[in-house]
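One-letter residues, chain by chain:
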Amino acid sequence: MPKGILLLATPEGWRHSVLTVDGGMHCGRLTDVPVNADPAEARAAAAAMVEGLAHDFHEARVDVTWDPPREPGSWTAQVTVAASPPNAFG
């Protein structure tokens, strides 16, 4: 299950590392985001990727909350399990 995201702007493109609750890390590049994309676009793409992974592999909804940037070209986010909706069948 993902617990955090590190997003980096590099000359070759947007790189990400997804941190997991068990101490793992999955790294890669946001292939669908252009090198010169706005940081907000890259953050949205990274969040959507993690939300999709949590859904597909853990059947969980997650919220991604971006921290204020500490240095140029680098962003971090916290990933938390979203509150489950009440059971519609009660």
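Here goes a summary of the coordinates provided. (Residues numbered from 1 in each chain as written. Predicted model: local features only at pLDDT ≥ 70, side-chain atom pairs only at ≥ 80, totals over all residues. Heavy atoms only, no water.)

1. A short note on the nonpolar core
Generally speaking, nonpolar side chains in soluble globular proteins are found buried as a group. Where we set the bar: Residues belong to one nonpolar core when they are buried, are Ala, Val, Leu, Ile, Met, Phe, Trp, Tyr or Cys, and are joined through side-chain atoms within 4.5 Å. Throughout this description, buried means an accessible area under 20% of the type-specific maximum (1.4 Å probe, protein chains only), exposed means over 50%, and partly exposed covers the range between. Strands here are runs of E lasting at least two residues and helices are runs of H or I lasting at least four, both read from the DSSP assignment and numbered beginning at the N terminus. Any two residues whose heavy atoms approach within 4.5 Å are treated as being in contact.
In terms of nonpolar packing, the biggest core is built from 17 residues, with Ile5, Leu7, Trp14 and Leu30 touching the most fellow members. Of all the elements in the fold, those that place two or more residues in this core are strand S1 (2-10), strand S2 (13-20), helix H1 (39-58), strand S4 (62-66) and strand S5 (74-81). Ranked by residue count, the leading element in this core is H1, at 5 residues. Sequence-distant contacts of Ile5, defined by excluding residues within four places in its chain, comprise Ser17, Ala46, Ala47, Val50, Val64, Trp66, Trp75, Thr76, Ala77 and Val79.

2. Some thoughts on the environment of Ala47
Along the chain, the position of Ala47 falls in helix H1. Using a relative accessible area of 9% as the deciding quantity, one classes Ala47 as buried. Between the alpha carbons of Ala47 and Ala77 there is a distance of 8.6 Å; along the sequence they are 30 residues apart. Other than its neighbours up to four places away in sequence, Ala47 contacts Ile5, Val64 and Trp66.

3. A few points about the packing of aromatic side chains
What counts here: Stacked, edge-to-face and tilted are the three classes for Phe, Tyr and Trp ring pairs, Trp counted by its six-membered ring, which pair at centre distances within 6.5 Å; planes under 30 degrees apart are stacked, over 60 edge-to-face, the rest tilted.
Per the stated rule, a full pass over the model turns up 1 aromatic pair. Ring centres of Trp14 and Trp75 lie 5.5 Å apart, and the angle between their planes is 45°; on these two criteria the pair is classed as tilted. Residue Trp14 is located in strand S2, and its partner Trp75 is located in strand S5; the two are separated by 61 residues in the primary sequence.

4. What about the sheet that holds S4?
Heads up, the rule is: DSSP bridges decide pairing: two strands pair if at least two such bridges lie between them. Every axis in this analysis is a line fitted to C-alpha atoms, fitted for helices over the stretch in contact. Angles between the N-to-C directions lie between 0 and 180 degrees.
Here 5 strands make up an open sheet; going across it, the order is S3-S2-S1-S5-S4 and the pairing antiparallel. Edge positions in the open sheet fall to strand S3 (25-29) and S4, since each of these has one partner strand only. Between one strand axis and the next, the sheet turns through 20° on average, direction left out of account. Of the pairings in the sheet, the one linking S4 to S5 comprises 5 bridges and is antiparallel in character. In the sheet register, Val62 faces S5, and the bridge partner there is Val81. This element, H1, spans S1, S2, S4 and S5 of the sheet and lies at about 150° to S1.

Fair warning: the whole summary comes from geometry, so function is off the table for now.
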